[in-house]
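These are the residues of each chain, in order.
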Amino acid sequence: MRRWQVVFTLCVLSTGAFAGPLDKAFAALEVHNYFKAKELFEKQTKRHPAAAWYGLSVITGRADNPFYQLDSSHAAIQRSMAAYSTLSDRDKRKIVKLGVDSAAIQEQFEHVSTIVWKQVVDIDRLEEYERFIEQYAGSNMVSQAKDRRDELAFNEARRVNTSTAYRTFLERYPEAKEAYGARSRLQEAIYREATPQGTIPQYESFIKQHPQNTYVRDAEDMLLKLNTPNGTAGEFAAFIRRYPDNPNVPEAWRSIYDIYTKDLSVANITRFLTDYPDYPYINELMNDYKVASLVLYPFRQDGKWGYIDDTGLERIKAEFDYAEPFVSGQAQVGKDGRSGTINKMGKSVIPFIFDDVLDFREGMATVELNGMQGAVDRNGKLVIPIEYDEVGEFDHGLAAASQQGKYGYIDDAGTEVIPFSFDGAMRFHNGLAVVTKDDQSGVIDMKGGLVVPFQYDWVEGFMAMPLSRVRKAGGMGLINRFGDIVLAVEHDHVGTLNDSLALVIDKGKAGYVGPSGQWVIPQRFEANALTMNMGDFHNGLARVLVGGKLGLVDTAGIRVIQPQYADIGLVENGLIPVKRKNKWGYIKRSMAAVVDFKYDQAWEFHGGYARVEVGGLFGLVDSLGTEVIKPKFTNLSDITNGILIASDENGTGVVDRTGKVLIPLEYDSISPVDKGLMKAIKGNKFAYLRLADAGILWKEDGFSEVSPD
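Residues numbered from 1 in each chain as written. Predicted model: local features only at pLDDT ≥ 70, side-chain atom pairs only at ≥ 80, totals over all residues. Heavy atoms only, no water.

Trainee: Looking at this model, I keep getting lost on the pattern of salt bridges. Mind explaining?
Mentor: Two side chains with opposite charge may pair up if their charged atoms get near one another. Counting across every chain of the model gives 27 salt bridges. Two residues, Arg-300 and Glu-700, come together in a salt bridge whose shortest N-O distance is 2.6 Å. Of this pair, Arg-300 sits in strand E1 (residues 297-301) while Glu-700 sits in the segment after strand E45 (696-699), and the two are 400 residues apart along the sequence. Salt-bridge contacts for Arg-427 lead to Asp-395; the nearest nitrogen and oxygen are separated by 3.1 Å. With a gap of 32 residues between them, Arg-427 in the loop between strand E15 (424-425) and strand E16 (432-437) and Asp-395 in strand E11 (residues 390-395) connect regions that are remote in the sequence. On the basis of relative accessible area, Arg-427 is assigned to the buried category, the value being 17%. Three or more residues joined by partner-sharing salt bridges are found here, namely Glu-130, Arg-149, Asp-150 and Glu-175. (Salt bridge = Lys/Arg side-chain N within 4 Å of Asp/Glu carboxyl O. Helix = DSSP H or I, 4+ residues; strand = E, 2+ residues; numbered from the N terminus. Buried < 20%, exposed > 50% of the residue type's maximum accessible area, 1.4 Å probe, protein only.)

Shown next, in the form of structure tokens:
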């Protein structure tokens, strides 16, 4: 039983049934009479909005009835929250007898957001994370969604590995935690593209043309190494050029190669070849390259983990307690109750002596031992001693750390850069970090200078330049990176700056301000609980409420879609999903209807296709509104790389954009691993399936093989 059910039952037993329609609604809900409960709750939304909307959220948030619709459940609980916050103590005491209080409302909100989050994680697509972030801003999973969204985008930039790719990433996601890594990689790409052969003239030219590039020091070091005998790669290279017939040339070449490939990876071998294209031992190098090029996947055998390659051949013996996927040539594994990392040869890099090893960031990974933390570099060297209560992620070469209850910042050598004088400290973003003292928040720069005084109850931080939202004494506003107040800290709600406009709500009215705090669109629209989460701009359009109906306006405040709809979905490329009365359809920006209002739910377009749902069954429509997949699946993902993950009463599998089954719908779950490879789970066993023919690349002993149709 949910908490409200227990309370309601006890109230009925102790006081007798209540006679009011609201009490009858909860009584109907108690016995799962959803039709009656829904009808009664809907009639009470004006008189008892907090309790009625709560009840409607419970109904639409349960999968055991025809009204199940998570977006509707989410919208209802938001309305309940807003209404509850305005109730008097007397009114709150009335509805608490029915089990409705702030805790129950919050529990229902988390219930809905948790279900949606699981769906988003299963799909694991950038656009799905974007949608979750926008629609479930109050969820505990939002930070995870932002991290994964940014990670997916950054992985693509790293795959391309050019200066153009990194510039594009930084333009789109300047607030990402990977932004500093992208900036560093951008500088490296400029450096790499300017010095493809690693010659002295190229290094000299690079220094002259890019004096502000962070790799100038590397180029200067290379010139030094090439001209002075310090036992470095430069010395070995100079030695080779000056003494080509010397018998020690092979050793010199291999010394350079060893320096570059301490962490054996394709990237490092490629970098070595770029700098030293004349390397004479190509056959030896190609053997290493084949190993470094290996695509390895974790597999399990007799309860232990190892790695297979993309042909299903065992490459690293199953001898680990757990095994994570390889990232940048290393994978985290566990052995004998300890954690460390290995390279693709199966050799230990970070030794198996730690209780935990976190992900690398800027070449550093936090490690934990006996409740204390430090950090290692990519070679497994302990560069920050294990003497801190906490070591955070590095950004711009600094990481927040704590000792004896106080926070400060250290560099990648463990040197204290900013004193341990704060009660709390966040990671740096765009050269600025939020810190706290005596329950007040402020902002410091990378030298520890106080940029924003400790005067706010909350500072969002400068994840998205140039402004940060702040809160003080119940009011919200905007400040710039210098601490200047751009928008007075006195508003009921301030949204994030999207399309250079931020939503501002006061006393039930909504408008928009620009980056300078000036009113671009006056507060002429209505605002309700949903507006806080639905009213921000997206792709140049914002959903606005007029006369209880939703429409769309552009960044100039011009009505693009007249307010006449009960709901409007997320606006992406293609048709716009809209709801009229109780059904969804699609319209063009001209407001011409393209798809009849016949669906229980309709989602935004991705790659020219959109999901629809009717009667609990999912299908797919194209940009013309044609049902390319009739609603027949009990669950359906958005289209990704031409495929969709689908479920029916038999299980889960993969279909194409026409509904053709590519992998039989007979598994408990299925998820993409790489392009062309899926991971299928059945019972407590798993296998890797080839998308091309639904054949099994590898399967765990005991996994039930299913032949393709």
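Trainee: So what exactly am I meant to see when it comes to the packing of aromatic side chains here?
Mentor: Each aromatic ring pair is specified by the distance between its two centres and by the angle formed by the two planes. Applying the stated criterion across every chain yields a total of 32 aromatic pairs. Between the aromatic rings of Trp-305 and Phe-686, the centroid separation amounts to 5.7 Å while the plane-to-plane angle is 15 degrees, which identifies the pairing as stacked. Of this pair, Trp-305 sits in strand E2 (residues 304-308) while Phe-686 sits in strand E44 (residues 685-690), and the two are 381 residues apart along the sequence. For Trp-305, a relative accessible area of 16% translates into the label buried. Between Phe-422 and Phe-454, the aromatic rings sit 6.4 Å apart at their centres with planes inclined by 40 degrees, giving tilted as the arrangement. With Phe-422 in strand E14 (residues 416-422) and Phe-454 in strand E18 (residues 450-456), this pair connects stretches of sequence that are 32 residues apart. Residue classification places Phe-422 among the buried residues on the basis of a relative accessible area of 6%. Aromatic rings pair up to connect Tyr-257, Tyr-260, Phe-272, Tyr-276, Tyr-279 and Tyr-281 into one cluster. Sitting over the ring of Phe-67, Lys-38 keeps its end group 5.0 Å from the ring centre. A cation over an aromatic ring shows up here: Lys-682 above the ring of Tyr-667, its NZ or CZ 5.9 Å from the ring centre. (Phe/Tyr/Trp six-rings, centres within 6.5 Å; stacked < 30°, edge-to-face > 60°. Lys NZ or Arg CZ within 6 Å of the ring centre and 35° of its normal.)

Trainee: What exactly am I supposed to notice about a positive patch on the surface here?
Mentor: On the surface, Arg-47, Arg-90, Arg-93 and Lys-94 cluster together to form a positively charged patch. Positionally, Arg-47 belongs in the loop between helix H3 (34-43) and helix H4 (49-60). (Patch = residues over 30% accessible without salt bridge, like charges linked within 9 Å, V, L, I, M, F, W, Y side chains within 5 Å. Areas by Shrake-Rupley, 256 points an atom, 1.4 Å probe, with all protein chains shown as cover. Lys, Arg positive; Asp, Glu negative; His and termini not counted. Charge placed at Lys NZ, Arg CZ, Asp CG, Glu CD.)

Trainee: Honestly, the packing of helix H5 (residues 70-85) against helix H7 (residues 102-123) in this entry has me stumped. Any pointers?
Mentor: A pair of packed helices can be characterised by two numbers: the angle between their axes and the separation between those axes. Viewed as axis vectors pointing N to C, H5 and H7 meet at an angle of 155 degrees, and their least axial separation amounts to 10 Å. As summarised for this structure, H5 and H7 are arranged roughly antiparallel, according to the angle between their axes. Read as a crossing pair, H5 and H7 show a hand that is left-handed. Only Ser-102, Ile-105, Gln-106, Gln-108, Phe-109, Val-112, Ile-115, Val-116 and Gln-119 of H7 make contact with H5, whose side of the interface consists of Leu-70, Ser-73, His-74, Ile-77, Gln-78, Ser-80, Met-81 and Tyr-84. (Axes fitted to C-alpha atoms, helices over the stretch in contact; angles between N-to-C directions. Parallel < 35°, antiparallel > 145°, perpendicular 65-115°, else oblique. Left-handed = near helix turned anticlockwise from the far one by under 90°. Contact = heavy atoms within 4.5 Å.)

Trainee: Would you mind showing me how to read the sheet that holds E45 here?
Mentor: Either a parallel or an antiparallel arrangement is found when strands of a sheet pair, and the pairing is made through backbone hydrogen bonds. Taken in spatial order, the 4 strands line up as E42-E43-E44-E45 in an open sheet, and their pairing is antiparallel. With partners counted over all chains shown, the strands left at the sheet margins are strand E42 (669-674) and E45, one partner each. Averaged over all neighbouring strand pairs, the angle between strand axes comes to 25 degrees, with direction disregarded. Pairing analysis gives 3 bridges linking E44 to E45, with the strands arranged antiparallel. (Pairing = 2+ DSSP bridges.)

Trainee: I tried to follow the side chain of Thr-60 on my own but got confused; where do I start?
Mentor: Structurally, Thr-60 can be placed in helix H4. Of the polar contacts made by the side chain of Thr-60, one reaches the backbone oxygen of Ser-57; its length is 3.4 Å. A polar contact of 3.2 Å, which involves the side chain of Thr-60, links it to the backbone nitrogen of Ser-73. Not counting the four nearest positions on each side in its chain, Thr-60 is found in contact with Phe-67, Tyr-68, Gln-69, Leu-70, Ser-72 and Ser-73. (Polar contact = N/O pair within 3.5 Å; in protein donor to acceptor, adjacent residues only side chain to side chain.)

All quantities given are derived from atomic positions and should not be read as evidence of function.
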